[in-house]
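Close look at the chain arrangement
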Amino acid sequence: MHESSIIQEHIEAYDYRAALDVANSVRDYISKDAISLIEAGSARLKLDKSNCEKNAKAANYDIYPIKQGDHWNIFEYLMIMKIKLEKEEHADYIQSISPVFLKLLEMIIKKTQIVDLNSLIRFNKRSGSAWVKETNKYVKSFDYIAIIDENGKGGIDLNIKNSIYKIRDIEESVRNKAAHNITCITAESIYNSEKKTPMDIFKMLCDLAKYAGVRITDNDLKTYDKLNEKIISLL
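Every value quoted in this text rests on a predicted model; they were computed, and no experiment measured them.

Notes on the packing of aromatic side chains
- Applying the stated criterion across every chain, the model contains 4 aromatic pairs.
- Measuring from ring centre to ring centre gives 5.6 Å for Tyr-64 and Trp-72, while their planes differ by 85 degrees; the resulting arrangement is edge-to-face.
- For the pair Trp-131 and Tyr-138, a centre-to-centre distance of 5.5 Å together with 25 degrees between the ring planes defines the contact as stacked.
- An aromatic cluster of at least three residues, connected via ring pairs, comprises Tyr-14, Tyr-16 and Tyr-224.
- When the ring centre of Tyr-224 is taken as origin, the NZ or CZ atom of Arg-44, which lies over that ring, is 4.3 Å away.
- The cationic tip of Lys-110 hangs over the ring face of Phe-123; the distance from NZ or CZ to the ring centre is 4.2 Å.

Shown next as structure tokens:
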């Protein structure tokens, strides 16, 4: 069926919404499990855990390799970044660094216990927001890095600290350029600016996540491809 080939093309491009539109037009000829998993993929890209799990369960598919709270958030966000990278959406990819980098810095400080972070930062668990108590301003990555500089000597692995400083450099230069200017961001321009490829940056973020306690394996990083293979096998 021609529609199956179109659906497969959309799935391989991680465009679950487009795949679902086609699948719904030939719903009587597509397996229910395939449609459920396409819906799960669409919800997953939105970080909609409830609908993703509901649809994956309907197809008897274990979709999330990492299920624990903050660890789930970090891993799933990194996977969305990885998809942006594979689709060569470099401007969106670079702009997506800041939220996950900020959270990873918080987790690393808490895990290494170099300082009582609650004495310096006020957290709102309901909203997920955080403020620097001294200034009453929203916390930014440079606030956490200042804490690491003042308290982290010997408490945080040197390679991890170097990765933190490098990602902060990228955040200040390439990311801010992408966020505040109409400009073309490519893999080449990122490398020319920072001597790091987009994949290098992704690997550094994964290293920070692992150091923070998120147990990411090489197999976990293939989770979307495994989902796609399963959907395509059901078409």
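Read on for the rest.
Looking at the sheet that holds strand β2 (residues 129-132)
- The strand order across the open sheet built from 3 strands is β1-β2-β3, with neighbouring strands paired in antiparallel fashion. Each of the sheet's edge strands pairs with one partner strand only, and the pair in question is β1 (121-124) and β3 (137-138).
- Sheet topology note: the β1/β2 ladder contains 4 bridges and is antiparallel. Its bridge partner lying in β2, Ile-121 is registered against Val-132.
- Here helix α8 (residues 141-151) sits on the sheet and contacts β1, β2 and β3; the angle it forms with β1, its principal contact strand, is near 135 degrees.

Topic: the environment of Lys-110
- Structurally, the position occupied by Lys-110 is in helix α7 (residues 97-112).
- Reaching out from Lys-110, the side chain makes a polar contact with the side chain of Glu-106 at a distance of 2.9 Å.

Focus on empty space enclosed by the protein
- Applying the stated criterion to the full structure yields 1 cavity of 30 Å³ or more.
- Estimated volume of the largest cavity: approximately 40 Å³.
- If you trace the largest cavity, you find it lined by Tyr-14, Met-79, Lys-82, Ile-83, Glu-86, Leu-221, Tyr-224 and Asp-225.
- Secondary-structure elements contributing two or more residues to the lining of the largest cavity are α5 (69-86) and α12 (223-234).
- Ranked by residue count, the leading element in the lining of the largest cavity is α5, at 4 residues.

Let's talk about the pattern of salt bridges
- Inspection of the entire model under this criterion finds 11 salt bridges.
- As a salt-bridge pair, Lys-67 and Asp-62 come within 3.3 Å of each other at their nearest N and O atoms.
- Classification of Lys-67 as partly exposed rests on a relative accessible area of 44%.
- Taking the relative accessible area as the measure of exposure, Asp-62 reaches 58% and is therefore exposed.
- We note a salt bridge from Lys-166 to Glu-194, for which the minimum N-O separation is 3.2 Å. Placement of Lys-166 in helix α9 (residues 158-180) and of Glu-194 in helix α10 (residues 187-194) is noted, with a sequence separation of 28 residues between them.
- We classify Lys-166 as partly exposed; its relative accessible area is 22%.
- When salt bridges with common partners are traced through the structure, they connect Asp-70, Lys-103, Glu-106 and Lys-110 into a single cluster.

Quick notes on the confidence of the model for the protein
- Per-residue pLDDT for the protein averages 93, and the proportion of residues at 70 or more is 96%.
- Considering each helix and strand of the protein separately, the mean pLDDT is smallest for α9, with a value of 84, and largest for helix α4 (residues 49-58), with 98.

A few points about the state of the cysteines
- Overall, the coordinates contain 0 disulfides when judged by the stated rule.
- The closest cysteine sulfur to the non-disulfide-bonded Cys-206 is located on Cys-52, 19 Å from its own sulfur.
- Given a relative accessible area of 6%, Cys-206 falls into the buried group.

Parameters and conventions
- Residues numbered from 1 in each chain as written.
- Predicted model: local features only at pLDDT ≥ 70, side-chain atom pairs only at ≥ 80, totals over all residues.
- Heavy atoms only, no water.
- Phe/Tyr/Trp six-rings, centres within 6.5 Å; stacked < 30°, edge-to-face > 60°.
- Lys NZ or Arg CZ within 6 Å of the ring centre and 35° of its normal.
- Pairing = 2+ DSSP bridges.
- Helix = DSSP H or I, 4+ residues; strand = E, 2+ residues; numbered from the N terminus.
- Contact = heavy atoms within 4.5 Å.
- Axes fitted to C-alpha atoms, helices over the stretch in contact; angles between N-to-C directions.
- Polar contact = N/O pair within 3.5 Å; in protein donor to acceptor, adjacent residues only side chain to side chain.
- 1 Å grid on protein atoms, 1.4 Å probe; cavity = no way out; pocket = protein on both sides within 12 Å on 5 of 7 lines; lining within 4 Å.
- Points joined across faces, edges and corners; volume = space filled by probe spheres on them.
- Salt bridge = Lys/Arg side-chain N within 4 Å of Asp/Glu carboxyl O.
- Buried < 20%, exposed > 50% of the residue type's maximum accessible area, 1.4 Å probe, protein only.
- pLDDT = per-residue confidence, 0-100.
- Disulfide = S-S within 2.5 Å.

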